[in-house]
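Secondary and tertiary structure notes
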Amino acid sequence: VLWAVRLGLLLTSDVGLAEDHAQEAFLGLHRHFAEVQHPRAYLRVTIVNLANRRRRRDARREAAHRLTAETGTVSDAAHELFDVVAPLPVKQRSVIVLRYYEGLSETEIAATLGCPAGTVKSLASRALRQLRKQIEP
Amino acid sequence: MSFDAETLDERLGDVLREVADSISLATDPVVGLRPRAGGRPASRHTVLTLVAAVAAALVVTGVWADSRRSAPRVDVSAGLSPASTVPPQPKTKGLVAARLDLPSRTIAAGSSMVGRVVVDNDTRHALHVGGCGSLFAVALASDTYHPDVLWRLCLQPFTIPTGQSSYPVTIEARYLWCSANASQAVLRACRASGQPPALPPGNYQARLYQSSTIVATPPSVPVRVTRQRSTP
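1. Overview of the overall build of chain A
In terms of helices and strands, chain A carries 7 helices and 0 strands. Going residue by residue from the N terminus, the α and β elements of chain A occur as α-α-α-α-α-α-α. A buried classification covers 59% of the 137 residues belonging to chain A. When contacts within chain A are restricted to residue pairs at least 6 apart in sequence, long-range pairs at least 24 apart make up 60% of them. A total of about 5,700 Å² of accessible surface is found on chain A, and carbon and sulfur atoms cover 49% of it.

This is how it looks when you write it as structure tokens:
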């Protein structure tokens with residue numbers, strides 16, 4: 001459960017939403033358990049899809065989310081970098097989280113996002129270029 | 001910025017883990033986080049209730065697909081050669097260490113072997129831990145394949161006695177999961193037998209997985225998966 005909520009947090013910057021997405025993912029798993037033989041992958045895909053859907057909806061009416069953490073919970077340095085990751089376009093952010101947090105390969109990320117591996121490569125490249133641009137003085 | 005573009009690649013993983021670890025089920029996940037403006041109250045209890053229900057359903061129906069793992073038995077000798085034993089990790093402050101004993105460093109794709117996890121409990125008292133079905137599992141992983149080892153969600157009491165005890169584990173040279181529905185893009189299709197397909201030949205690491213953190217993770221053991229044996 002904690003893993004699912006944490007993944008959701010990295011994708012949404014919002015604990016409440018992360019919990020909701022985890023809950024919905026587990027509900028889906030419960031409903032489809034007979035057909036699902038890879039529960040963790042199922043949960044991961046569901047959480048990523050829910051976060052992406054939500055993000056696209058929110059993007060129309062508000063600025064990018066900021067992680068709302070008290071000082072001390074997350075170091076300033078981590079906060080700084082995460083604040084640069086959070087506004088990335090939804091698919092780029094997903095690729096960064098799946099690659100650097102989940103440790104997935106390009107093929108696995110492609111399977112999770114339902115896109116070709118080449119697309120994952122270019123999304124990662126664009127995201128890293130954008131991040132470097134943001135943090136360079 | 002307190003870091004530069006050069007170190008970005010290295011820092012990203014650390015930062016994401018730090019942010020993710022800022023929430024914990026040990027405390028209310030909202031603690032340490034400012035409430036969202038106009039946000040809903042946290043629904044952690046709903047999540048937990050749901051997960052408990054899912055877990056109960058899985059246990060009752062017995063549909064969780066990792067029944068291949070054996071239940072732990074203490075001091076079981078599986079007739080294994082110590083040749084594949086990896087020296088235990090330096091003892092942690094809890095004085096509980098583990099090592100993996102495998103009967104062989106090679107395995108044919110699609111086949112399995114029985115190894116054991118040997119635990120040295122030098123704490124002078126038995127350890128009472130919770131698990132479900134078994135405490136340990138060993139799976140083959142590689143740079144490109146990271147097995148999703150999952151555990152049944154139930155709580156059974158286990159006791160790790162003082163001294164040395166061992167726990168049989170089955171190592172399979174096949175994927176852990178598959179889909180009966182081939183249209184599911186995230187999963188490999190099951191074989192006609194219903195089993196997951198064999199791992200491709202190559203170099204892997206046998207890694208210890210625990211239902212909860214019981215011992216310091218011992219070094220993984222290199223295992224080579226060879227071509228599948230042809231069936232006559």
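Additional details are given in the paragraphs that follow.
2. Comments concerning the pairing of strand 1 (residues 96–101) of chain B
All names here are of chain B. Summarising burial for strand 1: 6 of the 6 residues are buried, a large majority. On strand 1, burial covers both faces: Val96, Ala98 and Leu100 on one face and Ala97, Arg99 and Asp101 on the other are all buried. Looking at chain direction, strand 1 and strand 3 (residues 112–121) are connected through 6 bridges and run antiparallel. Its bridge partner lying in strand 3, Ala98 is registered against Val119.

3. Brief notes about helix 6 (residues 106–113) of chain A
Of the positions making up helix 6 of chain A, those classed as buried are Ile109, Ala110, Thr112 and Leu113 of chain A. The buried residues of helix 6 of chain A occupy an angular sector of 160° when the element is viewed end-on, so they sit on one face.

4. Re unusual backbone geometry
As a rule of thumb, non-glycine residues mostly have phi less than zero, and peptide bonds are mostly trans rather than cis. One non-glycine residue, Ser13 of chain A, adopts positive backbone phi at about 65°. Its location among the elements puts Ser13 of chain A in the loop between helix 1 (2–12) and helix 2 (15–31). Despite not being glycine, Arg124 of chain B shows a phi value in the positive range, around 70°.

5. Comments concerning the packing of aromatic side chains
A complete count under the given rule lists 2 aromatic pairs over all chains for this structure. Centre to centre, the rings of Tyr145 of chain B and Tyr175 of chain B are 5.0 Å apart; their planes meet at 85°, and the pair counts as edge-to-face. Residue Tyr145 of chain B is located in the loop between strand 5 (136–141) and strand 6 (156–160), and its partner Tyr175 of chain B is located in the loop between strand 7 (163–172) and strand 8 (202–210); the two are separated by 30 residues in the primary sequence. Just as Tyr145 of chain B is buried, Tyr175 of chain B falls in that class too. The cationic tip of Arg40 of chain A hangs over the ring face of Trp3 of chain A; the distance from NZ or CZ to the ring centre is 4.2 Å.

6. Points about the packing of helix 7 (residues 117–135) of chain A against helix 1 (residues 8–20) of chain B
Across the interface, helix 7 of chain A lies against helix 1 of chain B with an axial gap of 11 Å and an inter-helix angle of 95°. One finds that helix 7 of chain A runs roughly perpendicular with respect to helix 1 of chain B. Here helix 7 of chain A contributes Leu128, Leu131, Arg132 and Ile135 of chain A to the contact with helix 1 of chain B, which in turn contributes Leu8, Asp9 and Leu12 of chain B. The residue inventory of the contact of helix 7 of chain A with helix 1 of chain B, partitioned by class, reads 5 nonpolar, no polar and 2 charged.

7. A closer look at the sheet that holds strand 2 (residues 106–108) of chain B
Residue and element names in this part refer to chain B. Reading across the sheet, the 4 strands line up as 2-9-8-5 and stay open at both edges, with mixed pairing between neighbours. At either end of the open sheet lies a strand with only one pairing partner, and these are strand 2 and strand 5. Ignoring which end each strand starts from, the neighbouring axes of this sheet average 35° apart. Bridge count for strand 2 against strand 9 (residues 221–226) is 3 bridges, and the pairing is parallel. The residue bridging Ala108 from the neighbouring strand is Thr226, located in strand 9.

8. Digging into the side chain of Ser142 of chain B
Residues and elements named next belong to chain B. Topologically, Ser142 is positioned in the loop between strand 5 and strand 6. When its relative accessible area of 12% is taken as the criterion, Ser142 is described as buried. Sequence-distant contacts of Ser142, that is, excluding residues within four places in its chain, are made with Asn203 and Tyr204.

So, how was this worked out
- Residues numbered from 1 in each chain as written.
- Chains lettered and ligands numbered in written order.
- Predicted model: local features only at pLDDT ≥ 70, side-chain atom pairs only at ≥ 80, totals over all residues.
- Heavy atoms only, no water.
- Helix = DSSP H or I, 4+ residues; strand = E, 2+ residues; numbered from the N terminus.
- Buried < 20%, exposed > 50% of the residue type's maximum accessible area, 1.4 Å probe, protein only.
- Contact = heavy atoms within 4.5 Å.
- Areas by Shrake-Rupley, 256 points an atom, 1.4 Å probe, with all protein chains shown as cover.
- Pairing = 2+ DSSP bridges.
- Arc of directions from axis to C-beta.
- Phe/Tyr/Trp six-rings, centres within 6.5 Å; stacked < 30°, edge-to-face > 60°.
- Lys NZ or Arg CZ within 6 Å of the ring centre and 35° of its normal.
- Axes fitted to C-alpha atoms, helices over the stretch in contact; angles between N-to-C directions.
- Parallel < 35°, antiparallel > 145°, perpendicular 65-115°, else oblique.
- Nonpolar A, V, L, I, M, F, W, Y, C, P; charged D, E, K, R; others polar.

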